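# A closer look at the structure
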Amino acid sequence: MSTVFIALQANEDTRPIIDAIVQDNPSAIVNREPAMVKIDVPDRMVIRRETIEEHIGRDYDLQELQINLITLSGHVDEDEDSFTLCWNS
Amino acid sequence: MQIDLRTVSIQAQRQTFDHLKRRFGDKPASRYQEASYDIQGAENLHYRPTWDPDQLIYDASITRIVMEDWYALKDPRQFFYNNYTLARARQQETTEANFTFVESRGLAEMLPEELKQIALKLLVPLRHAAWGANMHNAFISGYGYAAIFTQPCMFHAMDNLGIAQYLSRLGLLLGDQEALTAGKEAWLDEETWQPLRRYVEDCLVLRDPFELYVAQNIALDGLLYPMVYERLVDGYLSSKGASAVAMLCQFMSDWFDETRKWTDAVVKVAAAESDANRGILQEWTAKWSSRAAEVLLPIARQAAGSDGEEMLNEEVTAFKARLKKIGVEI
């Protein structure tokens, strides 16, 4: 089994995003490092626009994710509604 | 000599305040949570206010609505002072730019006289209604319970004051000082405006903050904003060639779309709390929204004739559908 991850800066903007990722990916493991939050998920991670919007209470463009993105691993599949990381196998 | 660099991770002693830890568990809290939850004093208030000894300083029993936890009424926009002022400052810049655009291009002079008169007659008296909304929300903020509910009401009050100011500026731009005087006279004496004026003034003497919330923010705003700004200004007037007016009213349409999320959320949570609450909310919304529809009728008729009547009927249907969605059927 392989793991995908995403690392975001730890700040006010990413807090609801992290909550949304955890909600959509029950198997997510959240590692809180100094100034950074790294989220590991086995196989596949989905980040949904709708869930983030629920948490922040306004419209959200998934590309805003890039502002606080540090790094990620996995193949990226991105459209307007979701941002998916997985290993194609 | 060799120097090793390594990262030392220092765990914070506390992630957040104890009262937030009790609510949400031991994890970092958002600024909104820190600025809103359990902020209002709830214990050890020894004395009753001298100005009204029948109530406590913060008294949940002033309203008929009963909540196990008033802090359930959260604001989905998560506004607290900082991000609220930032959001409104951005909108203020947009509005300012719109006014400059209309002024510098001379769009106000290009408006056909007849449309200009319709717009002035429709919009300028509304600044008095917006001032009423300011008073009402300040009252809810003063007598409501729990900071999470009273805080956005204060923001709402300030927004309404802003709307009143934008309407005054619109009046000054399109019709100068005389437009404001005429607007006030219409508000005080004209047949068309008396029902709405009566509605606003009756609300001024309501003593139940939650009923006032329903009467003003749900029933009246819920019909007035879509009717006046979406239908009449953005639709009816724009299609006839007065899109400059729509530009000047952009804030009001945007603001209504945004605040509706909050008003819906508050009523939804309060109605879901108990059947008793739902019953009271149904009674209030039915009473005030049917009255709001009545008072808006002459205004719609004055602006757009029989089309206005039809638009209002459609808006009433849409309003009922909106309420049904949040669990209040009328």
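This text follows the structure it describes.
In what follows, the accompanying structure is described. For every chain, the first residue of its written sequence is number 1, and the numbers climb from 1 along that sequence. Ligands are numbered from 1 and chains lettered from A, in the order in which they are written. Only residues with pLDDT of at least 70 are given local features in this predicted model, and only at 80 or more are side-chain atom pairs given and counted; all residues enter the totals for whole chains, interfaces and linings.

Strands here mean DSSP runs of E at least two residues long; helices mean DSSP runs of H or I at least four residues long; both are numbered from the N terminus. Check the secondary structure of chain A and you find 2 helices and 7 strands. In sequence order, chain A lays out its α and β elements as β-α-β-β-β-α-β-β-β. In terms of C-alpha radius of gyration, chain A reaches 12 Å, essentially the compact-globule figure of 12 Å for 89 residues. Counting only C-alpha atoms and orienting by the principal axes, one finds that chain A spans roughly 35 × 30 × 20 Å. Backbone-placed C-beta atoms define the burial measure: a residue is buried with 20 or more other C-beta atoms within 10 Å of its own, exposed with 12 or fewer, and partly exposed in between. Buried residues in chain A amount to 24% of all 89 residues. Here, residue contact means that the backbone-derived C-beta atoms of the two residues sit within 7 Å. Excluding contacts between residues fewer than 6 apart, the proportion of contacts in chain A whose partners are at least 24 apart in sequence is 64%. Computation of the radius of gyration draws on C-alpha atoms alone. For the globule rule, the value is 2.2 Å times the number of residues to the power 0.38.

Moving on, we come to the interface of chain A and chain B. Contacts between the two partners involve 7 residues from chain A and, on the opposite side, 8 residues from chain B. Any residue that is not Ala, Val, Leu, Ile, Met, Phe, Trp, Tyr, Cys, Pro, Asp, Glu, Lys or Arg is counted as polar, Gly included; the first ten are nonpolar and the last four charged. A class-by-class count of the residues in the side of chain A that touches chain B yields 2 nonpolar, 1 polar and 4 charged.

All names here are of chain A. Sheet analysis places strand β6 (residues 75-78) next to strand β7 (residues 82-86), joined by 4 bridges and oriented antiparallel. Among the inter-strand pairings, valine 76 is bridged to a residue of β7, identified as leucine 85. Pairing between two strands requires that DSSP report at least two bridges joining them. Taking the residues that link successive antiparallel strands as the turn, the β6-β7 hairpin has 3 residues.

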